[in-house]
Amino acid sequence: MASSIVAFELGDREVEVVVRPLTTLQSVLRNQVGAMATKEGCRQGGCGSCTVLVDGEPMLSCLLPVEDVAGRRVTSVESITPPEGLHPIQEAFVEGNAFQCGYCTPGMVMVAKALLDHEPDPTHEMIAEALIGNVCRCTGYQPIIAAIGAAAGALQGSKRAPER
Amino acid sequence: MTVSDYFLPRSLPEALDLIGTHGPELLVMAGGTVAMPLINDGLSLPRAVMGLRRTGLDRVAQLDGWLHVGATATLTQLQEQRAVPLLSEAASATASWSVRNMGTVGGNLFTPPPGGDIAVALLALDTNVTLAGPKGERTLPLADFFTGFMTTSLTDDELVTALSVPLPSGSTAYTKFGRKQGNTPAVVTVAVRLTWDADRIVDARIALGAVGPHPIRARAAERGLLGTTLDPDARAAAATAATAECEPFTDAIATDWYRRRMVGVVVARTLEKLAAGATREDR
Amino acid sequence: MSPNLTVVGQSVDRSDRIGHVTGRTQFTADRTFPGMLHLRMVRSPVHHARINGIDMSAAERVPGFVRALTAADVPHNRYTILSLIGVEPEEEFVLAEERVRFKGEAIVAIVAETEAAALEAVARVRLDLEELPAVFDVEEALLPDAPIVTHWGNNTFMYEGHPCRRVRLGDVDAAFAQADHIVEGVYNTSPIEQAPIETTGCIAVPEANGRYTVYTNTQALYFSLDNTAIILQLPGNRLHFLGGTVGGGFGGKVDVIVEPIATLAAMKTNRPVRFVYSRSEEMQVSSTRSAWRIYVRDGVMNDGRIIARKVTSYADSGAYSRQTPYSLTKHAANVAGPYAIPNVSIDAYCVYTNRQPSSAMRGFGVTMGSFAIEVQMDKIAEVVGVDPWTIRFLNAYRNGDTRPHRKLAEDATLIETMQAAAALVGHDLPDAFRSMTSAPRGDSETGGR
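These figures come from a predicted structure and were not determined experimentally.

Draft legend 1. Quick look at the overall build of chain A. Of regular secondary structure, chain A possesses six helices and five strands. Sequence-ordered secondary structure for chain A, helices as α and strands as β, is β-β-α-β-β-β-α-α-α-α-α. Relative to the globule expectation of 15 Å for 164 residues, the C-alpha radius of gyration of chain A, 16 Å, shows essentially globular dimensions. Across its three principal directions, the C-alpha atoms of chain A cover 55 × 30 × 25 Å. The 164 residues of chain A split such that 54% are buried.

Draft legend 2. Region of interest: the interface of chain B and chain A. Each partner contributes residues to the interface: chain B has 24 residues there, and chain A has 22 residues. Going through the elements one at a time, β1 (5–7), α2 (35–40), β3 (48–51) and α5 (97–102) of chain B are the ones with two or more residues in the side of chain B that touches chain A.

Draft legend 3. Examining the interface of chain C and chain B more closely. Opposite the nine residues of chain C that make contact, chain B presents five residues. Considering every element that reaches the side of chain C that touches chain B, the biggest residue donor is helix α3 (residues 115–124) of chain C, with six residues. Here the residues of the side of chain C that touches chain B are counted per class, giving six nonpolar, two polar and one charged.

Draft legend 4. View of the sheet that holds strand β4 (residues 99–100) of chain C. All names here are of chain C. Pairing is antiparallel across the open sheet formed by three strands, whose spatial order is β4-β2-β6. Across the chains shown, the open sheet's two edge strands, defined by having one partner strand only, are β4 and β6 (126–131). Sheet topology places strand β2 (residues 49–55) next to β6; six bridges connect them, and they run antiparallel. Bridge pairing in β6 links A49 to E131.

Draft legend 5. View of the nonpolar core. In terms of nonpolar packing, the biggest core is built from 209 residues, with L208 of chain B together with I110 of chain C touching the most fellow members. In this structure, A332, A336, Y349 and L414 of chain C belong to the second largest nonpolar core, which totals 53 residues.

Draft legend 6. Examining helix α6 (residues 142–155) of chain A more closely. Residue and element names in this part refer to chain A. Its 14 residues place the ends of α6 20 Å apart at the C-alpha level, agreeing with the 20 Å of an ideal helix rising 1.5 Å per residue. Within the sequence span of α6, burial applies to I144, I145, A146, A147, I148, G149, A150, A151 and A152. Positioned one or two residues after α6, G157 has a phi angle of 85 degrees, which is positive.

Conventions and cut-offs
Think of each chain on its own: its residues are numbered from 1, step by step along the sequence as written. The lettering of chains begins at A and the numbering of ligands begins at 1, in the order of writing. Confidence filtering applies because this is a predicted model: local features only for residues at pLDDT of at least 70, side-chain atom pairs given and counted only at 80 or more, and all residues used for totals across whole chains, interfaces and linings. Secondary structure counts use DSSP, requiring at least four H or I residues in a row for a helix and at least two E residues in a row for a strand, with both numbered from the N terminus. Radius of gyration: C-alpha atoms only; globule rule: 2.2 Å multiplied by the number of residues to the exponent 0.38. Buried, partly exposed and exposed are defined by the number of other C-beta atoms within 10 Å of a residue's own C-beta, namely 20 or more, between the two limits, and 12 or fewer respectively, with C-beta atoms placed from the backbone. This entry defines residue contacts through backbone-placed C-beta atoms, with two residues in contact when those atoms are within 7 Å. Classification convention: Asp, Glu, Lys, Arg as charged; Ala, Val, Leu, Ile, Met, Phe, Trp, Tyr, Cys, Pro as nonpolar; all other residues, Gly among them, as polar. By the convention used here, strands pair only if DSSP detects at least 2 bridges between them. The term nonpolar core refers to a set of buried Ala, Val, Leu, Ile, Met, Phe, Trp, Tyr and Cys residues connected through C-beta atoms within 7 Å. Multiplying one less than the number of residues by 1.5 Å gives the expected span of a helix.

Dropping the structure here:
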């Protein structure tokens, strides 16, 4: 069983890991790189709590062999958190109380990041559609959708009341 | 599972070589959305796995009156193409944004029932599937590709490389009925394509998903529509015929009883969309 | 309001807000330890069987296999969540002994160097099982020829020698004879899985001083510690249980199910052991809200007063009772509803079947009873020819009313709550209902209550 070396970008740094064949990106992030923000909820691709961005597109790290992201740019919640303060999306989640237990939050934040990078002014429906692969068992989703709407407003530099 | 080898070939010949070397023991996956859950849970214990993401089989291109979709094109790529609205619709109704970024069109032919919602749309479009093996390429109608429950005419040494859809795709409509509004397995999926001569139907395709061992054509229902104007009686007759033709099964999503009841309803709704003028191209 | 208040009436930031949005909140499994081992469980593939043999030879040959634990390895192989507060009997096992009673019951704990090796070793354990007849319906389980799930010969939990929880007030049979209408209904509910996004799990770590630190997402930290102590026959001061942020529980993490075996594995290997449920285990093995079948028979007068209520309820406890007997007690105490009914008879059974054990979930015992009687109230309203508000105001309980379990009602608020609800939705109540209160009834109102 031959291990291999896989190198990829994680946020603004280079990561190099030695992995057994078919180790998932989720496992690498959590067990080897110490990046625990990416969660593990099902390992079936059904809950979205393991969502990361690969070259800016949302993917489920639990289904992604790390070999497949060699040479590519991976973005996790750690990558978008500034050294001081919070990213506007994170700020909007805090302002809007858009979480309860917090376990689905990293996945929600990453989908929000991808959505707002693609579509800076999404409607309520677009936000709900983007989040369809992320399950929350606590909030009922409305505060999360509202927070993402508010974040869109903040990122565009204008204040906008959260949609309900 | 302790995997000894994970291969990521850079070309089709390299992929075929690996199949030749390792045989049917080699687990082939494209997007990983079906294989990885089984591996993660220890339900699948392969020794050797091959991923197809780097083989370059992901091109989507229009050429000579056909839309050629590479087998490893993602569902997102399918969603974004504009040449065949039915396929864009089918992709939008499948899974979630992240899964669409990973799951492939070719892989969708093999998703366990009631998966294969893209395959239902492809079936309604007279799609051809191209297979490649050590002896070369062959192309056959998708309708002949499915041979039984979870079985196809793909041989052990072949790979699906492309799906080709004749253009224009005509007057189409798609309905996926699940227990949730989105990101849900199908109770029933219906894809319809009609060809018109003035106000009469001259050709019809009705493809059904999750109500048989694989996506099926409701051929009696199709024949019944010919020569009609898609009036309410014609639509009701087609719904009845489709109900009789399907072979629904029971799983955790729905019982066979419920699927059989819903086939007629969903066929009727889909035909209604067409009668109301959704996606109509005249040629 | 006093100007010195800094919390009451203010918007207060949650202390965990930054952690949650940055992903820095440390959930139980957000930890690794050098030399950590992974535990995966061999589970029964069938609903009911005798275990004739377990062959681990193939599993032991899987590279990375470290250790297998069976019933013989568990110092006190009885798993009874509430044993500390005297709840008996001891009927469930940490690891199965001669029989398995539900599909998914734990038989062998496999510990390995990696998750993958553990999964492979689990797949290679060979079980020699002799299948037994199984029962999946609460009423079928009470028939004379039903397969028996328990070890004491019948399929009900025994409450001080009785097969059900019983509540009696007045004489329902005499009242039924006097009633103008008899309204009956049977109400069925399905098991419901709590499905938190974070699955049940723990990591047990041996410390240099002979103690074990167990990081766990249990909702019941002291239950977990004490049960682990009992099962492992360790003094409590050898255990250090660390909880923290739980990624959703809803009752699904009160069963103390992963800590004892993980800690035992840590004891036997002298290495940290991680045992986190897969999503399949969380859905198909971990306990759910019980399924219920509730029969309600009401005697009602023409004016809508309910003069008798007879309820026979069956909760599907599954193969083991866990928290369900407690659920039945709550159910029996509450299922007559927030109504003043002078004649009440309740028989509430905790029934064993070969289904997945049920246990706690948000309001367990009471929420399903509420569903049954509120649908029943609407039915009564239809029969009698009044609207749903009327039937409830007419029968609403007040402070000082004798409840079916003989205690006097205190802090009754059904009337006020309905008035507030009506105002909220813009429903005009008749004056008689608008002026009602939960104050104790005057003598002139006693009329049979």
